[in-house]
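Each chain is listed here by its residues.
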Protein chains: 2
Amino acid sequence: MPKIITISREFGSGGRELGRRIADELGWAYYDQEILHEMAKNTDYSKEYLASFTESGPVRLMPITYAHSFYHGNQGAFDQSVEVFTLQSNTIKQMALKSDCVIIGRCADYILRDYHPLRIFVYSNMASKVERCLARNEEKTQGLDEKAVIKEIKKVDKRRRKYYEFYTYQKWGDRNNYDVMINTSGQDIKALAKMLVTKVMHEEDQ
Amino acid sequence: MPKIITISREFGSGGRELGRRIADELGWAYYDQEILHEMAKNTDYSKEYLASFTESGPVRLMPITYAHSFYHGNQGAFDQSVEVFTLQSNTIKQMALKSDCVIIGRCADYILRDYHPLRIFVYSNMASKVERCLARNEEKTQGLDEKAVIKEIKKVDKRRRKYYEFYTYQKWGDRNNYDVMINTSGQDIKALAKMLVTKVMHEEDQ
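Here the structure is a predicted model, which is why all the values come from computation and not from measurement.

Moving on to the pattern of salt bridges. Enumeration over the complete set of coordinates arrives at 24 salt bridges over all chains. Asp100(A) is the salt-bridge partner of Lys3(A), the closest N and O atoms lying 4.0 Å from each other. Linking Lys3(A) in the segment before strand E1 (4–9) with Asp100(A) in the loop between helix H5 (75–96) and strand E3 (101–104), this pair joins segments that are 97 residues apart in sequence. The exposure class of Lys3(A) is partly exposed, given its relative accessible area of 34%. The partly exposed category is assigned to Asp100(A), whose relative accessible area is 22%. The shortest N-O distance in the salt bridge between Arg16(A) and Asp32(A) comes to 3.0 Å. Here Arg16(A) is found in helix H1 (residues 15–26), whereas its partner Asp32(A) is found in the loop between strand E2 (29–31) and helix H2 (33–41), with 16 residues between them in sequence. Each of Glu10(A), Lys129(A), Asp157(A) and Arg175(B) takes part in a single network of salt bridges with overlapping partners.

Quick look at the structure:
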């Protein structure tokens, strides 16, 4: 069975970079936007449309806030969300079982639980997240000042948490749902990647 | 300045073993009971008496439950607790600054915060903790059946949490207070030790 690493991460914590470095060092497949691309290939929907129903989409399309109570709202959007989640889950399973891989976000830790992935959660303090966002000029925070970046970080993470908790019935960021949790504040992402690669390689030696 | 690793841990999670292995592999000093020994050397108190006021002592001597409210209880025991904590803090600082080291428990992550230790928190699920306690025949759980072991694990961790939160004003086990959090459930402690050793050694290479 292929080996799988899942990366859950706070926005701006460097989780994606960490995942990419781990995949590169191990020579494993790396799945992030690739999942959306694969989903779009297999349906008539565009990537943009599908994205709007996932953890990275705008909050307005996400009926999660109503979904756990009796829901009278936009049933169509709600059904569509669940449909996209199901499509995404199936896509993730298919891709993960092809070869050893690192998967970013998308509740993959939960979706792939029967395959015992190494579940990593990446986080950092706000100062460090703001600094990373400003330095990287990421799409979501481009041109924003520090105050606006903080607001955006909180918004993105709130959405990730709600999305995760709605679909997994687990608490996002609760240590019991992860194998290793990494605080990237003041840490060198390269050193952290090496650390995790060592763990995987040492296990392969056993 | 010496490099320091602090290990906070849930009872039965294998944190002590992990710390010992890391220290051995790195050739660093390892401080656990050694701290109590050093404290006893520098005072007229016995190790047992001192231990009764620390995180590993029996709960009955620990006035923490009253300490944050207006305290009418045993003022002598309360003063003694604070005095022992101060002695322990000074001892930990002295020992930590002598050479690179790994320190187990005792709020060392907080006490040594100005020296930027690598703060590790070790935890695991209850089944795994029970299994480890039964296999190791630890002093605290010797001769107990599974149900009693679970009760003891909860008791010890409740005490550690209260002790930590009283003296540090931080939440025990909250990810923001640690650099790496390790779930030992189903994991090989040796592989985890190698992983952390790699991180430290990679940093030394920089």
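Further notes follow.
Looking now at the environment of Glu34(A). All names here are of chain A. Of note, glutamate 34 is situated in helix H2. Residues glutamate 34 and glutamate 17, 17 residues apart in the sequence, show an inter-C-alpha distance of 15 Å. With sequence-adjacent residues up to four places away left out, glutamate 34 is seen in contact with Arg20 and Met95. Engagement of the side chain of glutamate 34 in a polar contact is seen with the backbone nitrogen of aspartate 32, the distance being 2.6 Å.

Residues and elements named next belong to chain A. Taken as a whole and assessed by the stated rule, the structure comprises zero disulfides over all chains. Left unpaired, cysteine 107 is separated from the closest cysteine sulfur, that of cysteine 101, by 16 Å. Under the relative-accessibility criterion, cysteine 107 is labelled buried at 3%.

Reading guide: rules and limits
- Residues numbered from 1 in each chain as written.
- Chains lettered and ligands numbered in written order.
- Predicted model: local features only at pLDDT ≥ 70, side-chain atom pairs only at ≥ 80, totals over all residues.
- Heavy atoms only, no water.
- Salt bridge = Lys/Arg side-chain N within 4 Å of Asp/Glu carboxyl O.
- Helix = DSSP H or I, 4+ residues; strand = E, 2+ residues; numbered from the N terminus.
- Buried < 20%, exposed > 50% of the residue type's maximum accessible area, 1.4 Å probe, protein only.
- Contact = heavy atoms within 4.5 Å.
- Polar contact = N/O pair within 3.5 Å; in protein donor to acceptor, adjacent residues only side chain to side chain.
- Disulfide = S-S within 2.5 Å.

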